[in-house]
Amino acid sequence: MSSYQTINYELQDNNIALLTINRPDKLNALNSDVLNELSAAISETESNESVKALIITGAGEKAFVAGADIKELSNLDAETGEKLSMRGQEIFASIENCSKPVVAVVNGYALGGGAELAMACHIRIATSNAVFGLPEVSLGLIPGYGGTQRLTHLVGKAKAFEFVLTGKQIKADEALRIGLVNKVSENNAIDEAKDLLGIIMKKGPVAVSKAISAINASFGDDGYKKEAELFGSLCETEDFREGTSAFLEKRKAEFKGR
Ligand code: CAA
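This structure is a prediction, so every number in the text was calculated from the model and none was measured.

Let's shift gears to the overall build of the protein chain. When its secondary structure is counted, the protein chain shows 11 helices and 10 strands. What you see for the protein chain is a C-alpha radius of gyration of 17 Å, in line with the 18 Å of a compact globule of 258 residues. In terms of overall dimensions, the protein chain has C-alpha extents of about 55 × 35 × 35 Å along its principal axes. Residue burial in the protein chain is summarised as follows: out of 258 residues, 52% are buried. Sequence separation of at least 24 residues holds for 72% of the intrachain contacts in the protein chain that already meet a minimum separation of 6. Accessible area for the protein chain stands at about 12,300 Å²; split by element, carbon and sulfur atoms hold 51% of it. Measuring between centres, the 28 positive side-chain charges of the protein chain sit 3 Å from its 35 negative side-chain charges.

What follows is the structure, given as structure tokens:
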């Protein structure tokens, strides 16, 4: 297994790889190094025949992933913003389309890009302290790593409007109630993910990978392009500059609507 700087990627018992996003002091926020290493680890998952399934989680007690790295975002313009969104979408699509089953163990904050990462996985198990939300509008932005699409697919249009337009955060029990997660862990979420993957891995591997493709084929791709375009265009607004500066300066944003 390759070694990485911002993630841990290890082969566990039973041919399951455990990928841990490892920037706990920044609540595992996704900067470009994490995205690049995440992408490489997904390719490794596909190509390494010893790996039969993948679990993705976050380091530390507090967060799965608290979103894209806002410090990096604050420097974007329309072109680089759209490009970043497309890059994130591409990596998350490689997770969603992975031919081996992928389970997210959501162990704390899963906000913005973190919720989007969890939603790109095939199955989600939340710990009882998990918190989900797409708070991008608070930054003068929209979700850019597929969140406007996958949230709508998972919970329907009504809830997607409510969450994306308000940026509200919900706890694990509500996430379970609305179908955003498959299970709230009662004990050790990683062990529960391994047990679930153990069941899947006893089935025909070719059938499992075709089932993943078939389920993914039920949704179209146009919305992702639109999301990336809009994400990029927002990166040039005053509201976005104000929203990201306010977060970094630890104050409330004052939006002007332009
Ligand atoms: N990007 C960069 N740094 C982040 C971060 C992020 N998304 N989330 C947290 N951090 C950093 C904080 O700046 C802080 O760093 P310092 O110690 O250097 O100041 C550290 O992680 C700990 O965070 P807090 O002190 O804020 O912890 P808290 O317990 O008070 O709050 C939180 C936790 C509610 C999750 C809060 O950190 C927060 O609101 N984070 C941002 C969430 C967010 O807006 N995510 C969406 C990002 S945009 C996006 O993801 C776009 C997209 O779709 C592609």
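Taking every second residue as pointing to the same face, both faces of strand E7 (residues 123–126) are buried, with Ile123 and Ile125 on one and Arg124 and Ala126 on the other. Across four bridges, the pairing between strand E5 (residues 102–106) and E7 is parallel. Considered in E7, the bridge of Val103 is made with Ile123. Of the pairings in the sheet, the one linking E7 to strand E10 (residues 183–184) comprises two bridges and is parallel in character. Its bridge partner lying in E10, Ala126 is registered against Val184.

Moving on to the site of the ligand. In the vicinity of the ligand there are 24 residues, among which Lys26, Lys62, Gly113, Glu116 and Glu136 approach most closely. One of the backbone nitrogen or oxygen atoms of Gly113 is found 2.8 Å away from an oxygen atom of the ligand. Between the ligand and Glu116 there is a distance of 2.7 Å, counted from an oxygen atom to a side-chain nitrogen or oxygen. Calculation on the ligand without its partners gives an accessible area of 980 Å², and the protein chains cover 74% of this total. Elements that contribute at least two residues to the shell around the ligand include exactly helix H2 (70–73), strand E6 (109–111) and helix H4 (113–120). Of the residues that constitute the shell around the ligand, the class distribution is 13 nonpolar, four polar and seven charged.

The next thing to look at is helix H10 (residues 222–234). The first and last C-alpha atoms of H10 sit 19 Å apart over 13 residues, in line with the 18 Å expected at 1.5 Å per residue. Buried residues belonging to H10 abut H2, helix H3 (78–96) and helix H5 (147–155).

Another aspect to go through is the sheet that holds strand E3 (residues 53–58). A sheet is described by the order of its strands in space; here six strands give the open sequence E1-E2-E3-E5-E7-E10, paired in mixed fashion. The open sheet has two free edges, formed respectively by strand E1 (7–11) and E10, since each of these has just one partner strand. Note: E3 against E5, three bridges, orientation parallel. Bridge pairing in E5 links Leu54 to Val102. Lying over the sheet, helix H1 (residues 32–47) contacts E1, strand E2 (16–21) and E3, oriented at roughly 15° with respect to E1.

Before going further, it helps to spend a moment on the pattern of salt bridges. Counted under the stated rule, the structure contains 11 salt bridges. For the salt bridge of Glu238 with Arg258, the shortest nitrogen-to-oxygen distance reads 3.1 Å. Taken together, the residues Glu238 in helix H11 (residues 238–248) and Arg258 in the segment after H11 connect sequence positions 20 residues apart. Residue classification places Glu238 among the partly exposed residues on the basis of a relative accessible area of 44%. Residue Arg258 is classed as exposed on the basis of its relative accessible area, which comes to 51%. The partner of Glu242 in a salt bridge is Arg251, with the nearest N and O atoms 2.8 Å apart. Relative accessible area serves as the criterion here: at 17%, Glu242 is assigned to the buried category. On the basis of relative accessible area, Arg251 is assigned to the partly exposed category, the value being 38%. Each of Lys159, Glu162 and Lys168 takes part in a single network of salt bridges with overlapping partners.

What counts as what
Residues numbered from 1 in each chain as written. Predicted model: local features only at pLDDT ≥ 70, side-chain atom pairs only at ≥ 80, totals over all residues. Heavy atoms only, no water. Helix = DSSP H or I, 4+ residues; strand = E, 2+ residues; numbered from the N terminus. Rg over C-alpha atoms; globule rule 2.2 N^0.38 Å. Buried < 20%, exposed > 50% of the residue type's maximum accessible area, 1.4 Å probe, protein only. Contact = heavy atoms within 4.5 Å. Areas by Shrake-Rupley, 256 points an atom, 1.4 Å probe, with all protein chains shown as cover. Lys, Arg positive; Asp, Glu negative; His and termini not counted. Charge placed at Lys NZ, Arg CZ, Asp CG, Glu CD. Pairing = 2+ DSSP bridges. Near = heavy atom within 4 Å. Polar contact = N/O pair within 3.5 Å; in protein donor to acceptor, adjacent residues only side chain to side chain. Nonpolar A, V, L, I, M, F, W, Y, C, P; charged D, E, K, R; others polar. Expected span 1.5 Å × (residues − 1). Axes fitted to C-alpha atoms, helices over the stretch in contact; angles between N-to-C directions. Salt bridge = Lys/Arg side-chain N within 4 Å of Asp/Glu carboxyl O.

Note that every value here comes from positions in space, so none of it alone points to a role or purpose.
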